[in-house]
Amino acid sequence: MIWHLYFASKLGLAAQDLLHLQVWLNFPLALIAYWPLPRRRWRLARALLAWPAALALVLHEAGIGLSGRLLLQLGQLSGFSSGYALELGLRLLDVHALPALVVLLLTCLWLNRWLRLDVLLCLALLTLPLSNVLQRVVEAGASEVEARTAAPGGPAMDPQAKVRDFWQGEQQRSYPFAPGRQPPFDVVLLHVCSLSWDDLDALGLGGRDVFGRFDLVFDQFNSVTSYSGPSMLRLMRANCGQMPHDTLYKPAPDRCGLLQQLHLAGYQVQAYLNHDGQFDGFAEALQGETTVRIQTPVRWPGTPAAMKAFDGSPIAGDHAALTAWRTSLSASAPPQALYYNTVTLHDGNRVPDAPALDMMDSYRQRLEVLLHDIDRFIGDIERSGRPTLVVLMPEHGAALRKGAQHIAGLRETPWPEITRVPVAVKLIGLDAQRPADLVHPIRVSGPTSYLSFAALLTDLMAQSDPWQVLRAAPQALPRVAFVSDNGETLVTLDEKAMWLRTASSGWQHLSQPEAPAPRTHREEP
């Protein structure tokens, strides 16, 4: 009966185009599952082999590839708290589909009294999906021809060649900092886990200027990856053009290292986390990118942890952690460069003694706390009068909405909804030079990424008038084509087409990308 439910539900989902049923894989699986075996030992061995294959098949048909990264994440489930593991399990179930599942079960039980459901389902696997398969083949062929043809008689569009040319071009670009000059301000990099423009839209905040206190905002900044570790490595190598995922785990030239470049430019570099950095070896990977000691201030004397992480480890409040760093500086301290990583918004975090909330409400609450803490931190620096450049840079989005990934919180594929993140820049302590007409944040609307940020930082450190640098940024900053890369999974898009590459399916033309919605009521010239 379990196999009846498995195949019948897949046929129903395929009929609604919610699942791309692979007939040539399902029919052999059905033959293996239904073939009569006389001995119990053989049936047990079949179950142990068939059910993992059935699970992998349905994930593949749902568009969730079993890449090495996802398997690694599944292997880390033992480190999750029991409450978070249960929550992840419940997300796999759609409560709206439960009544249909009950009806399907009762129908199978009734039909099984009169018909051979195994034979009926095998025939259905062969016949019913054929029309849908043929329709999708025709549509896919038409869309592929349309996407590959740049113009009548023009050259065909090859996504693999496009990405290869992109990487070759990026290897030629770099923005090292000029050494020997006294830095004009401190640099504070707030690397925030799990925040994208799509997450703000999901909360109804996309039309509001959440970052109105900042001086410059990137509207189409691509974080490239949908995981924290690779995102940190990409930021640490921001001074060079975008690298393929595998290159991140090889030694990089000194001209590419952000913290090394800041040190050579005259900064005293520090690294702080508001978590212990143990999950997925984050602190160890960060240590490999810098020689400074990494502070993990998860608790201060007499101060309890602000919340518990998804694995049960403590997380410090962001304002408390940032204040501890700021107050450790003397008035005569040399120019500082701080890398600060926060997981306050990470999926599964819980505030102690607070009522349990669903994913969306919990995220909204923690986002309000984070933004409030950052606002307080900026106010503290403003009152101190110490010239400082504060940069809010998310690692990746939280995938609050199911979207193309089908499961909220799943970040295996670096969709634009996950990697387009709101990067914001704030200059503090230079208000005497601030132009009177500079009221709203300046918006950088073109496609950008880490190299664009490095170019901005280079100009701010080299030019005497930072406000002129910000005004020129929308036109002057280098553009970076959209290529998101998790290694085995890659997404690239332009104004004409979006392509997805997976290890199992190769390149697939998906759809025409929609233009990003405006993020502000007014854009500075």
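This one's a predicted model, so the numbers in the text were calculated from it and none came from an experiment.

Thresholds, definitions, all that
- Residues numbered from 1 in each chain as written.
- Predicted model: local features only at pLDDT ≥ 70, side-chain atom pairs only at ≥ 80, totals over all residues.
- Heavy atoms only, no water.
- Helix = DSSP H or I, 4+ residues; strand = E, 2+ residues; numbered from the N terminus.
- Buried < 20%, exposed > 50% of the residue type's maximum accessible area, 1.4 Å probe, protein only.
- Areas by Shrake-Rupley, 256 points an atom, 1.4 Å probe, with all protein chains shown as cover.
- Pairing = 2+ DSSP bridges.
- Axes fitted to C-alpha atoms, helices over the stretch in contact; angles between N-to-C directions.
- Contact = heavy atoms within 4.5 Å.
- Phe/Tyr/Trp six-rings, centres within 6.5 Å; stacked < 30°, edge-to-face > 60°.
- Patch = residues over 30% accessible without salt bridge, like charges linked within 9 Å, V, L, I, M, F, W, Y side chains within 5 Å.
- Salt bridge = Lys/Arg side-chain N within 4 Å of Asp/Glu carboxyl O.
- Lys, Arg positive; Asp, Glu negative; His and termini not counted.
- Polar contact = N/O pair within 3.5 Å; in protein donor to acceptor, adjacent residues only side chain to side chain.

Caption draft 1: Spotlight on the overall build of the chain. A count of helices and strands for the chain gives 17 helices and 14 strands. Buried positions account for 49% of the 525 residues belonging to the chain. Accessible area for the chain stands at about 24800 Å²; split by element, carbon and sulfur atoms hold 61% of it.

Caption draft 2: Just the sheet that holds strand β11 (residues 483-485), in detail. On the basis of which strands lie adjacent, the open sheet formed by four strands has the order β11-β12-β13-β14 and antiparallel pairing. Strands at the two margins of the open sheet, each flanked by one partner only, are β11 and β14 (506-509). Adjacent strand axes in the sheet meet at a mean angle of 15° when their direction is disregarded. In terms of strand pairing, strand β12 (residues 490-493) meets strand β13 (residues 498-502) through four bridges, oriented antiparallel. In the strand pairing of β13, L490 is matched with R501. Lying over the sheet, helix α8 (residues 159-170) contacts β11, β12, β13 and β14, oriented at roughly 90° with respect to β12.

Caption draft 3: The packing of aromatic side chains, seen in detail. This model, assessed by the stated rule, comprises ten aromatic pairs. Here the aromatic rings of W3 and Y6 are separated by 5.6 Å at their centres, their planes lie at 85°, and the arrangement is edge-to-face. Of this pair, W3 and Y6 are both found in helix α1 (residues 2-15), three residues apart, which corresponds to roughly one turn of the helix. For Y6, a relative accessible area of 11% translates into the label buried. Summarising the aromatic geometry, the rings of Y6 and W51 are spaced 5.8 Å apart at their centres and angled 85° between planes, so their arrangement reads as edge-to-face.

Caption draft 4: The arrangement of a nonpolar patch on the surface in detail. On the surface, W110, W114, L115 and L120 cluster together to form a nonpolar patch covering roughly 480 Å² of accessible area. Within the fold, L120 resides in helix α7 (residues 117-148). A relative accessible area of 42% places L120 in the partly exposed class.

Caption draft 5: Inspection of the side chain of D318 at higher detail. Of note, D318 is situated in helix α13 (residues 318-327). Notably, D318 is buried but unbridged: the nearest opposite-charge side chain belongs to R366, and the N-O separation is 9.4 Å. Among the polar contacts listed, one links the side chain of D318 to the side chain of T344, at a separation of 2.6 Å. Not counting the four nearest positions on each side in its chain, D318 is found in contact with N274, Y340, T342, T344, L370 and D373.

Caption draft 6: Molecular detail of helix α17 (residues 466-476). Along α17, the positions that sit buried rather than exposed are P466, W467, V469, L470, R471, A473 and P474. For α17, the capping residue at the N-terminal end is D465, with a side-chain oxygen 3.2 Å from the backbone nitrogen of W467.

Caption draft 7: Summary view of the sheet that holds strand β10 (residues 442-448). Reading across the sheet, the eight strands line up as β4-β3-β7-β1-β8-β9-β2-β10 and stay open at both edges, with mixed pairing between neighbours. The sheet terminates laterally at β4 (294-295) and β10, the two strands that pair on one side only. Bridging between strand β8 (residues 388-394) and strand β9 (residues 420-428) involves five bridges; their strand directions are antiparallel. In the sheet register, V390 faces β9, and the bridge partner there is K426. Its contacts with the sheet put helix α14 (residues 359-384) on β1 (186-192), β7 (336-342), β8 and β9, and the angle it makes with β9 is roughly 20°. Of the strands in this sheet, β2 (216-222), β9 and β10 touch α17, which is tilted by about 50° from β10.

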